[in-house]
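# Notes for the structure review
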Amino acid sequence: MKLIDGKVISAQIRKELGERTKNFFERYGKRVGLAVVLIGEDPASKVYVRNKISGCEEVGIRSFAHFLPANTTQEQAVELIRALAEDKNVHGILVQLPLPHHLDAQKILREIPTEKDVDGFSAENVGKLVLKERGTVACTPLGVMELLKRSGVDPKGKRAVVVGRSNIVGKPMAMLLLNADATVTVCHSKTENLKEECRNADILVAAIGKPKFIGADMIKEGAVVIDVGMNRDEQGKLCGDVDFDNVKEKASLITPVPGGVGPMTISMLLSNACALAETAEEL
Ligand code: GUN
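Just so you know, these numbers come straight off a predicted model, no measurement behind them.

So, on to unusual backbone geometry. Residues Leu97 and Pro98 are joined by a peptide bond in cis, for which omega reads 0°. Within the fold, Pro98 resides in the loop between strand 4 (92-95) and helix 4 (105-109). The phi dihedral of Asn193 is positive, around 55°, even though this residue is not glycine. Mapped onto the secondary structure, Asn193 falls in the loop between strand 6 (183-187) and helix 8 (194-199). For Asn193, a relative accessible area of 52% puts it in the exposed group.

This is the structure:
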């Protein structure tokens, strides 16, 4: 077994991004700008947002942090996004999900213009991904593809199994693997014979949200195992969707949690922000 070290790969990417933001500044006389909006008090979201903002600082992106209270109204949220949409210093807008239940998340996300949709969640960007056109792609699946690439794994012709079908991870992940010429199966909570499906995978991506759900009996000998999960185990310790200690014996390559996909998600966010800024200023 070999570990795919997301921290090492991520550090390399952030070094490259530091050069990119420096070039951007020299060329356009302004910095790449990313607005990060957090509504409410979800403790996990607070940690993610803090990491996103410190990622911006690390590579020289100017961040615009907006922390709104949990009782923010739909109108107040929409008003903020509209102001950010108009702001010439803001190249990308991120609204951290999930939003408090009284808010209509889709309606709020639709206020983000496609050219500032740094998460790639808009219908237009999802459509472009399906059509294999250039657009912004969701950060986590993009980070998984980058991990595979920089670990020398080519999905072409391989059987890839994605467990999970969320809009943020599972669906765009499956599409990226398909676009990279893998034979893709998407499994979910209603899948019959999940174990057998997983055992067919040359590349397994776990994005389920259940601690240590993928056991060694679900893994083909020599498979590449990518763990997107971020859970807490019974002891409150951070763990993935994969039972790492047992699965690592069978996998040829495996990502740990923490230190696998997580840092890559943020690196891809920063990379998406740079790409949006470059496109906006080139116009
Ligand atoms: N919540 C969990 N993952 C993400 C993400 O990639 N982007 C946003 N905006 N919210 C999230």
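Attention now goes to the sheet that holds strand 11 (residues 253-254). In spatial order, the strands read 1-11-8-7-5-6; together these six strands make up an open sheet with parallel pairing. Strand pairing shows two members of the sheet lacking a second neighbour, strand 1 (2-3) and strand 6, which therefore form its edges. Both strand 7 (residues 203-206) and strand 8 (residues 224-227) contribute to a ladder of four bridges, which runs parallel. Pairing of Ala206 across the sheet is with Asp227, part of strand 8.

In the neighbourhood of the ligand, the contacting residues comprise Lys52, Leu94, Val95, Gln96, Leu97, Asp119 and Phe121. At a separation of 2.8 Å, a nitrogen atom of the ligand approaches a polar backbone atom of Val95. A distance of 2.9 Å is found between a nitrogen atom of the ligand and a backbone nitrogen or oxygen belonging to Leu97. For the shell around the ligand, the residue count by class is four nonpolar, one polar and two charged.

Right, let's talk about the pairing of strand 8 for a bit. Burial along strand 8 is two-sided: the face carrying Val224 and Ile226 and the face carrying Val225 and Asp227 are both buried. Where strand 8 and strand 11 come together, two bridges link them in parallel fashion. Bridge pairing in strand 11 places Val225 opposite Ile254.

Quick look at the sheet that holds strand 2 (residues 33-39) now. Overall, parallel pairing links the three strands, which are arranged 3-2-4 in an open sheet. Edge positions in the sheet fall to strand 3 (62-68) and strand 4, since each of these pairs with one other strand and no more. Neighbour-to-neighbour, the strand axes of the sheet open up by a mean angle of 15°, direction not taken into account. Pairing between strand 2 and strand 4: four bridges, direction parallel. Among the inter-strand pairings, Val37 is bridged to a residue of strand 4, identified as Val95.

So, on to the pattern of salt bridges. As enumerated under the stated definition, the model contains twelve salt bridges in all. The salt bridge involving Arg150 is made with Glu16; its shortest N-O contact spans 3.0 Å. Taken together, the positions of Arg150 in helix 6 (residues 139-150) and Glu16 in helix 1 (residues 6-28) put the pair 134 residues apart, joining distant regions of the chain. Look at Glu16 and you get partly exposed, because its relative accessible area is 36%.

For the structure on display, the rule yields one aromatic pair. Pairing Phe24 with Tyr28 gives two aromatic rings, centres 4.9 Å apart and planes at 50°, and the pair type is tilted. You can see Phe24 and its partner Tyr28 sitting in helix 1, four residues apart, about one turn around the helix. Owing to a relative accessible area of 3%, Phe24 belongs among the buried residues under this scheme.

Another point: the side chain of Ser10. Here Ser10 shows up in helix 1. Among the polar contacts made by the side chain of Ser10, one reaches the side chain of Ser267 at a distance of 2.6 Å. Apart from residues no more than four positions distant in its own chain, Ser10 is found in contact with Pro263, Met264 and Ser267.

Here a disulfide denotes a covalent bond joining the sulfur atom of one cysteine to the sulfur atom of another. Within the structure shown, the criterion is met by zero disulfides. Free of any disulfide, Cys187 has its nearest cysteine sulfur in Cys198, 5.4 Å distant. Look at Cys187 and you get buried, because its relative accessible area is 1%.

A few words now on the layout of surface pockets. As a volume, the largest pocket reaches approximately 1200 Å³. Tyr48, Thr140, Val228, Met230 and Thr265 are, among the 44 residues lining the largest pocket, the residues nearest its centre. Those elements that provide at least two residues to the lining of the largest pocket are helix 2 (43-59), strand 4, helix 6, strand 9 (231-232) and helix 10 (261-282). It is helix 2 that contributes the most residues to the lining of the largest pocket, seven residues altogether. Taken as a whole, the second largest pocket encloses approximately 920 Å³ of empty space. Together, 33 residues line the second largest pocket, and Arg134, Gly135, Thr136, Leu276 and Thr279 are the ones closest to its centre. Those elements that provide at least two residues to the lining of the second largest pocket are helix 3 (74-86), helix 5 (123-131), helix 6, helix 7 (170-179) and helix 10. A per-class count over the lining of the second largest pocket returns twelve nonpolar, eight polar and 13 charged.

Scoring rules and cut-offs
Residues numbered from 1 in each chain as written. Predicted model: local features only at pLDDT ≥ 70, side-chain atom pairs only at ≥ 80, totals over all residues. Heavy atoms only, no water. Helix = DSSP H or I, 4+ residues; strand = E, 2+ residues; numbered from the N terminus. Buried < 20%, exposed > 50% of the residue type's maximum accessible area, 1.4 Å probe, protein only. Pairing = 2+ DSSP bridges. Near = heavy atom within 4 Å. Polar contact = N/O pair within 3.5 Å; in protein donor to acceptor, adjacent residues only side chain to side chain. Nonpolar A, V, L, I, M, F, W, Y, C, P; charged D, E, K, R; others polar. Axes fitted to C-alpha atoms, helices over the stretch in contact; angles between N-to-C directions. Salt bridge = Lys/Arg side-chain N within 4 Å of Asp/Glu carboxyl O. Phe/Tyr/Trp six-rings, centres within 6.5 Å; stacked < 30°, edge-to-face > 60°. Contact = heavy atoms within 4.5 Å. Disulfide = S-S within 2.5 Å. 1 Å grid on protein atoms, 1.4 Å probe; cavity = no way out; pocket = protein on both sides within 12 Å on 5 of 7 lines; lining within 4 Å. Points joined across faces, edges and corners; volume = space filled by probe spheres on them.

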